[in-house]
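# Overview (structure and organization)
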Amino acid sequence: MTGAMIDTVLMIAFLIFAFYLSQGKGAFLLSGYNTMPEEKKAMIDELSLCKFMSKIMYGLSFCIGLFALSELLNQQILFVVGLALFVLLVVFAVVYSNTGNRFKK
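Residues numbered from 1 in each chain as written. Predicted model: local features only at pLDDT ≥ 70, side-chain atom pairs only at ≥ 80, totals over all residues. Heavy atoms only, no water.

### Comments concerning unusual backbone geometry
The residue asparagine 74 is not glycine, and still its phi comes out positive at about 55 degrees. The phi dihedral of asparagine 101 falls on the positive side, at around 50 degrees, and the residue is not glycine. By the element assignment, asparagine 101 lies in the segment after helix H5 (76–98). Of the residues examined, asparagine 101 reaches a relative accessible area of 59% and is grouped as exposed. (Helix = DSSP H or I, 4+ residues; strand = E, 2+ residues; numbered from the N terminus. Buried < 20%, exposed > 50% of the residue type's maximum accessible area, 1.4 Å probe, protein only.)

### Focus on helix H1 (residues 2–22)
Under the 1.5 Å per step criterion, the end-to-end length of H1 is 30 Å for 21 residues, consistent within 8% with the ideal 30 Å. Within H1, burial applies to Ala4, Asp7, Ala18, Leu21 and Ser22. The buried side chains of H1 occupy one side of the element, clustering within an arc of 100 degrees when seen end-on. Exposed residues on H1 whose side chains face more than 90 degrees from its buried face are Thr2, Met5, Ile6, Val9 and Ile16. In the core, the buried residues of H1 are packed alongside helix H4 (46–73). A positive phi of about 85 degrees marks glycine 24, the residue just after H1. (Expected span 1.5 Å × (residues − 1). Arc of directions from axis to C-beta. Contact = heavy atoms within 4.5 Å.)

### Quick word on the environment of phenylalanine 17
Counting through the fold element by element, phenylalanine 17 comes out in helix H1. What makes phenylalanine 17 partly exposed here is its relative accessible area of 21%. Sequence-wise, phenylalanine 17 and serine 54 are 37 residues apart; in three dimensions their C-alpha atoms are separated by 7.6 Å. When near neighbours in sequence (up to four residues on either side) are disregarded, phenylalanine 17 contacts Leu29, Leu30 and Met57.

### Digging into the layout of surface pockets
Its volume calculated, the largest pocket comes out at about 570 Å³. In terms of lining, the largest pocket is formed by 25 residues, of which the most central are Gly32, Tyr33, Leu49, Ser97 and Asn98. Of all the elements in the fold, those that place two or more residues in the lining of the largest pocket are helix H2 (31–34), H4 and H5. Residues belonging to the lining of the largest pocket are distributed by class as follows: 15 nonpolar, seven polar and three charged. (1 Å grid on protein atoms, 1.4 Å probe; cavity = no way out; pocket = protein on both sides within 12 Å on 5 of 7 lines; lining within 4 Å. Points joined across faces, edges and corners; volume = space filled by probe spheres on them. Nonpolar A, V, L, I, M, F, W, Y, C, P; charged D, E, K, R; others polar.)

### A look at the nonpolar core
A general tendency of soluble globular proteins is for nonpolar side chains to be buried together. In terms of nonpolar packing, the biggest core is built from 15 residues, with Leu21, Leu30, Tyr33, Leu49, Phe52 and Met53 touching the most fellow members. Those elements that place two or more of their residues in this core are H1 and H4. Discounting residues that sit within four places of it in the chain, leucine 49 has contacts with Leu30, Tyr33, Ile44 and Phe103. (Core = buried A, V, L, I, M, F, W, Y, C linked by side-chain atoms within 4.5 Å.)

### Comments concerning the packing of aromatic side chains
Per the stated rule, a full pass over the model turns up seven aromatic pairs. Seen in terms of ring centroids, phenylalanine 52 and phenylalanine 92 are 6.3 Å apart; in terms of plane orientation they differ by 55 degrees. Their pairing is tilted. Taken as a pair, phenylalanine 52 in helix H4 and phenylalanine 92 in helix H5 lie far apart in primary sequence, 40 residues in all. Within the aromatic cluster, the residues linked to one another by ring pairs are Phe52, Phe92, Tyr96 and Phe103. A cation sits over an aromatic face here: lysine 41 above tyrosine 33, 5.4 Å from the ring centre. Over the ring of tyrosine 96 we find arginine 102; its NZ or CZ atom is 4.1 Å from the centre of that ring. (Phe/Tyr/Trp six-rings, centres within 6.5 Å; stacked < 30°, edge-to-face > 60°. Lys NZ or Arg CZ within 6 Å of the ring centre and 35° of its normal.)

Structure below.
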């Protein structure tokens, strides 16, 4: 039961962060963007980057919700599905955001 509560708190934190990013704010919280020099930041479309990352965060929140549901229902398959989706989303986000100059102005 404690694990489900921790997962739920983490999911809520991810949802809040996702909502904040979906408003086009919070780019300073994205570590790769945050560490860029000002000249490079000027070449990035901050709004589209925030929107993309908010969608990823909503997806990760769903995965964490599956973790909590797995503990509540005592169904290991939900955890496995959530973990597989989590890993796939992270890999997709890294590859998509770092190829093709998608967020350049």
